[in-house]
Amino acid sequence: MNFRESAMFALRGVLANKLRSLLTMSGILIGVAAVIILISAGTGANRSITDQITSLGANTLTVTPNSTLGGGRGSRNQAAAATAVNSGTQTRNSQLTIEDAESLVDPSLAPDIGLVAPVVSVSSVTATYSGANHSVATFTGTSPSYLTINSNTVQSGVPLTDSDYTGRRRAALLGPTVAKDLIGGDGLAMVGQTVQFNGVSFEVVGILTAKGSQGPQDRDDVVIAPLTSVQDTLASYGNLSSIAAQASASDKVDAAQDQISSILTSRHHVTPAQADFTIYNPSSILETVNTVTGTFTLLLGAVAGISLFVGGIGVMNIMLVTVTERTREIGIRKAIGAQRSDIVGQFLMEAVLLSLAGGAIGVVIGVVVGSLKIAGFQLVVAPYSIVLAFVVSVAIGLFFGWYPANRAASLRPIDALRYE
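Residues numbered from 1 in each chain as written. Predicted model: local features only at pLDDT ≥ 70, side-chain atom pairs only at ≥ 80, totals over all residues. Heavy atoms only, no water.

(A) Summary view of the nonpolar core. Ranked by size, the top nonpolar core spans 47 residues in total, and within it Phe139, Leu174, Leu182, Met190, Phe197 and Ile260 carry the most contacts. Ranked by the residues each element gives to this core, the list is headed by helix H9 (residues 253–268), at five residues. Discounting residues that sit within four places of it in the chain, Met190 has contacts with Tyr129, Leu174, Ala179, Leu182, Ile183, Val195, Val204 and Ile207. In this structure, Leu308, Val363, Ala389 and Phe400 belong to the second largest nonpolar core, which totals 26 residues. (Core = buried A, V, L, I, M, F, W, Y, C linked by side-chain atoms within 4.5 Å. Buried < 20%, exposed > 50% of the residue type's maximum accessible area, 1.4 Å probe, protein only. Helix = DSSP H or I, 4+ residues; strand = E, 2+ residues; numbered from the N terminus. Contact = heavy atoms within 4.5 Å.)

Structure below.
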């Protein structure tokens with residue numbers, strides 16, 4: 001008996017008990033769909049976190065004092081309020097200064113650092129325009145380099161310039177959320193207008209391109225202004241909140257981090273173990289995230305694999321029942337000349353057909369559900385999960401169908417014919 005005939009016998013056997021076959025397929029269907037959907041959840045989580053980290057800027061490094069200092073007018077004595085750090089020979093306050101930022105722009109000591117921007121963050125800032133008020137979530141005083149380091153672009157108007165910085169111009173870039181809340185519409189009409197920030201007038205020179213939300217944080221609820229003018233009006237001339245830096249190339253981030261550490265530990269007269277600053281490296285964070293989410297995805301796939309295994313047991317159970325029900329048929333076929341391979345092929349084919357059908361439907365369901373956005377979280381179907389789930393479903397049909405098929409083929413014709 002050839003393959004085509006075996007397939008026809010197997011198909012008739014599957015269709016003879018449609019409801020039973022459907023229930024048997026459901027085990028494989030659920031398992032395959034679960035594998036694809038859960039791996040999609042893990043992949044989506046990885047991509048979401050990766051996008052959030054990379055959106056912080058390409059090749060960026062952020063230096064912060066170990067005790068973050070406030071930047072408002074009320075914190076002129078912020079150095080005294082900072083956490084004291086014992087350098088071994090003296091006790092000094094944790095702080096970062098403009099001189100620290102300027103020292104990182106050194107071709108000889110820091111050849112792998114491309115751009116550097118000092119940053120002062122001002123808290124509790126209220127923007128006022130034509131009677132409308134808005135509490136700004138993030139008000140940043142910095143240099144023009146900050147826009148490039150953090151991948152900020154301007155959708156309307158112009159970005160900050162070096163002349164704005166050196167000329168201490170009271171210019172400001174508004175995030176879309178701030179602009180829309182103050183003037184309505186798309187907010188672009190704010191360009192050229194004068195806005196009061198805690199009573200201090202700044203001219204709006206541009207509207208930033210939207211970045212969206214990152215968890216509960218609205219990254220468009222921001223204002224960026226020259227650090228010099230911010231220090232003149234809203235903040236003190238004391239310490240920086242942080243220093244933003246960008247490596248000259250993606251493969252130079254770790255080298256740039258080492259150079260920043262070396263320069264600042266020397267300036268602050270501390271050892272690396274006693275450093276009064278912290279350097280945040282998104283690349284290192286990304287590697288850790290990829291490792292964690294990879295393990296998470298593997299765990300989810302393994303959990304879903306258990307349901308596939310259970311579905312395989314269901315296939316074996318039904319095939320054993322089928323062999324018992326069709327004992328006389330097997331005896332007749334063997335009596336008229338069917339070979340052992342013919343019987344094995346027929347029942348093995350039935351098991352594989354059940355698994356294939358369940359796997360195909362499971363793949364469709366898995367891809368559809370795995371492409372949805374659930375509660376604001378986008379699932380991402382991993383192509384390998386489709387292949388993996390489908391191949392495993394066929395393998396399960398072969399594995400769990402082998403024993404029932406061999407049991408059928410092992411029946412002696414005389415015993416099968418006597419079976420009632």
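So much for the structure itself; the text now carries on.
(B) Quick peek at the environment of Val154. Within the element layout of this structure, Val154 appears in strand E8 (residues 154–157). Aside from chain neighbours lying at most four places away, what touches Val154 is Pro159, Leu173, Gly206, Ile207, Leu208 and Thr209.

(C) The arrangement of unusual backbone geometry in detail. Of note, Ser151 is a non-glycine position whose phi angle comes to about 55 degrees, a positive value. Ser151 sits in the partly exposed class, given a relative accessible area of 39%. The backbone of His269 sits at a positive phi, close to 55 degrees, despite the residue not being glycine. With respect to the element layout, His269 can be found in the loop between H9 and strand E16 (277–280). Owing to a relative accessible area of 55%, His269 belongs among the exposed residues under this scheme.

(D) The environment of Thr327, seen in detail. Locating Thr327 in the fold gives a position in helix H11 (residues 327–335). The class of Thr327 is buried, set by a relative accessible area of 7%. Linking Thr327 and Ala408, residues 81 residues apart in sequence, is a C-alpha distance of 7.5 Å.

(E) View of empty space enclosed by the protein. Counted by the stated rule, this structure contains two cavities of 30 Å³ or more. Considering the residues around the second largest cavity, the lining is formed by Asn152, Gly175, Pro176, Leu208, Thr209, Lys211, Arg219, Asp220 and Val222. Tallied by class, the residues present in the lining of the second largest cavity amount to three nonpolar, three polar and three charged. (1 Å grid on protein atoms, 1.4 Å probe; cavity = no way out; pocket = protein on both sides within 12 Å on 5 of 7 lines; lining within 4 Å. Points joined across faces, edges and corners; volume = space filled by probe spheres on them. Nonpolar A, V, L, I, M, F, W, Y, C, P; charged D, E, K, R; others polar.)

(F) Here's a closer look at a nonpolar patch on the surface. On the surface, Ile306, Phe309, Val310 and Ile313 cluster together into a nonpolar patch covering about 390 Å² of accessible area. Tracing the backbone shows Val310 in helix H10 (residues 282–325). Residue classification places Val310 among the exposed positions, given a relative accessible area of 51%. (Patch = residues over 30% accessible without salt bridge, like charges linked within 9 Å, V, L, I, M, F, W, Y side chains within 5 Å. Areas by Shrake-Rupley, 256 points an atom, 1.4 Å probe, with all protein chains shown as cover. Salt bridge = Lys/Arg side-chain N within 4 Å of Asp/Glu carboxyl O.)

(G) Spotlight on the confidence of the model for the protein. Across the protein, the average pLDDT comes to 81, with 85% of residues at or above 70. Across residues 68–92, where pLDDT falls below 50, the model places 59 contacts with residues more than four positions away in sequence or in other chains. (pLDDT = per-residue confidence, 0-100.)

(H) Spotlight on the side chain of Asn239. Note that Asn239 resides in the loop between helix H8 (227–233) and strand E15 (242–247). With a relative accessible area of 8%, Asn239 lands in the buried category. Looking at Asn239, its side chain comes within polar contact range of the side chain of Gln95, at 3.4 Å. (Polar contact = N/O pair within 3.5 Å; in protein donor to acceptor, adjacent residues only side chain to side chain.)

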